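Observations on the three-dimensional arrangement
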Amino acid sequence: MLSSKVQEALNRQVNAELYSSYLYLSMAAHLEAENMRGMAQWMRVQSGEETTHGMKIYDYIIERGGSVTLTRIDAPKTNWASPVELFEDAYAHEQKVTAMINGLMDLVIAEKDHAGHDFLEWFVAEQVEEESAALAIVEQLKLVGDSGVGLYMIDRQLGQRSPSAPAAE
Ligand code: FEO
């Protein structure tokens, strides 16, 4: 059985993961409009992953005999000045999500919820990958600057991502 504090925090995290999905879909839509089809594909896959994260927590709440309560998802930003600004936002967002996961971990430890600790370990490891993938793209984009050829190459590379393919390189 989940404590009410843990249940509330997990429900907040479901909302945060679904917001992440919505934010990355908004980024994908912006990139489509800018003809960065490969980057848009990368973000579209990322959006799908975030929905999977939300559902993983949703299923866990139910498995533990808790109640899922869905709340309003905020509207995401819709416009970015450049691909580098967009991926910097994605990286900053992942850092925020990491802080939320760490906060959840602190809570289950305080509540002596061992099953919760075991469940959240997957998310702790996932956040290392999520931050690393976003940061690698930011660094590549900074490296090429305004070079059209460089942006074209990065766009092509990121377009290779599929739901079963890795997020970086
Ligand atoms: Fe579900 Fe990108 O964190």
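In case you missed it, the structure is sitting above this.
Below is a summary of the structure that appears in this document. Residue numbers here run from 1 along each chain, matching the order of that chain's written sequence. Reporting of local features is limited, given that this is a predicted model, to residues whose pLDDT is at least 70; pairs of side-chain atoms are given and counted only at 80 or more, and all residues count toward the totals for whole chains, interfaces and linings. In computing side-chain properties, one takes all heavy atoms of the structure into account and sets aside hydrogens as well as water.

For the rest of this paragraph, the subject is the overall build of the chain. Helix and strand assignments follow DSSP, with helices taken as H or I runs no shorter than four residues and strands as E runs no shorter than two, numbered in order from the N terminus. Per the secondary structure count, the chain includes 5 helices and 0 strands. For the chain, the N- to C-terminal ordering of α and β elements is α-α-α-α-α. Taking the principal axes of the C-alpha coordinates as reference, the chain spans close to 55 × 25 × 25 Å. Of all 169 residues assigned to the chain, the portion counted as buried reaches 44%. Summing over all exposed atoms, the chain offers an accessible surface of approximately 9100 Å²; the carbon and sulfur share of this is 55%. Relative accessibility thresholds used throughout: buried, under 20% of the residue-type maximum; exposed, over 50%; partly exposed, between the two (1.4 Å probe, protein chains only). Every accessible area reported is derived by Shrake-Rupley at a probe size of 1.4 Å, with residue values counting cover from the shown protein chains alone.

So, about helix H4 (residues 114-144). Given 3.6 residues per turn, any residue in an α-helix points the same way as the ones three and four places further on. Under the convention used throughout, the expected extent of a helix is 1.5 Å for every residue step, that is, one less than its residue count. With 31 residues, H4 extends 46 Å from end C-alpha to end C-alpha; this agrees with the ideal 45 Å at 1.5 Å per step. Residue Leu 120 marks the point of greatest curvature in H4, where the axis turns by about 30°. Directly beyond the C-terminal end of H4, a positive phi value near 55° is found at Gly 145. In this scheme, the bend at a residue equals the angle between the axes fitted to the seven residues that finish there and the seven that begin there.

Salt bridges are identified by distance alone: a Lys or Arg side-chain nitrogen within 4 Å of an Asp or Glu carboxyl oxygen. Scanning all chains against the criterion turns up 9 salt bridges. Among the ionic pairs, Glu 49 bridges to Arg 161, the shortest N-O distance being 3.1 Å. Residue Glu 49 is located in helix H2 (residues 37-63), and its partner Arg 161 is located in the segment after helix H5 (148-158); the two are separated by 112 residues in the primary sequence. The class of Arg 161 is buried, set by a relative accessible area of 3%. Each of the salt bridges in this network shares a partner with another, and the network as a whole consists of Glu 32, Arg 37 and Arg 44.

Bringing the side chain of Glu 50 into the picture now. If you trace the backbone, Glu 50 turns up in helix H2. All tallies of charge rest on Lys and Arg as positive and Asp and Glu as negative; His and the ends of each chain are not included. Although Glu 50 is buried, it forms no salt bridge, and the closest oppositely charged side chain is Arg 161 at an N-O distance of 7.7 Å. Beyond its immediate stretch of four places on either side in the chain, Glu 50 contacts Glu 17, Ser 20, Ser 21, Tyr 24, Glu 94 and Glu 130. We call two residues in contact whenever any of their non-hydrogen atoms come within 4.5 Å of each other.

All right, on to unusual backbone geometry then. Phi at Asn 35 is positive, roughly 65°, even though this residue is not glycine. As for its placement among the helices and strands, Asn 35 is situated in the loop between helix H1 (4-33) and H2. Residue Asn 35 is classed as exposed on the basis of its relative accessible area of 56%. Here Lys 112, not a glycine, exhibits a phi torsion of approximately 55°, which is positive.

On to the packing of aromatic side chains, then. Ring geometry is summarised as follows: Phe, Tyr and Trp rings, the Trp one being its six-membered ring, pair when their centres sit within 6.5 Å, and such pairs are stacked at plane angles under 30 degrees, edge-to-face over 60 and tilted between the two. Tallied over the entire structure, the rule returns 4 aromatic pairs. Pairing Trp 42 with Phe 87 gives two aromatic rings, centres 5.7 Å apart and planes at 65°, and the pair type is edge-to-face. In this pair, Trp 42 is assigned in helix H2 and Phe 87 in helix H3 (residues 83-110), connecting sequence segments 45 residues apart. Trp 42 sits in the buried class, given a relative accessible area of 3%.

Right, let's get into the packing of H2 against H4. Remark: H2 packs on H4, axes separated minimally by 12 Å, with the N-to-C direction vectors making an angle of 170°. Judged by the angle between their axes, H2 and H4 are roughly antiparallel. Facing Met 39, Trp 42, Gln 46, Glu 49, Glu 50, His 53, Lys 56, Ile 57 and Tyr 60 of H2, the residues of H4 in contact are Ala 115, Gly 116, Phe 119, Trp 122, Phe 123, Glu 126, Glu 130, Ala 133, Ile 137 and Leu 141. Residues were grouped as follows: Ala, Val, Leu, Ile, Met, Phe, Trp, Tyr, Cys and Pro as nonpolar; Asp, Glu, Lys and Arg as charged; and all remaining residues, including Gly, as polar. Partitioned by chemical class, the residues of the contact of H2 with H4 number 11 nonpolar, 3 polar and 5 charged. In this analysis, axes come from line fits to C-alpha atoms, helices being fitted only over the stretch in contact, and the angle between any two N-to-C directions falls in the range 0 to 180 degrees. An angle counts as roughly parallel when it lies under 35 degrees, as roughly antiparallel when it exceeds 145, as roughly perpendicular when it falls between 65 and 115, and as oblique in every other case.

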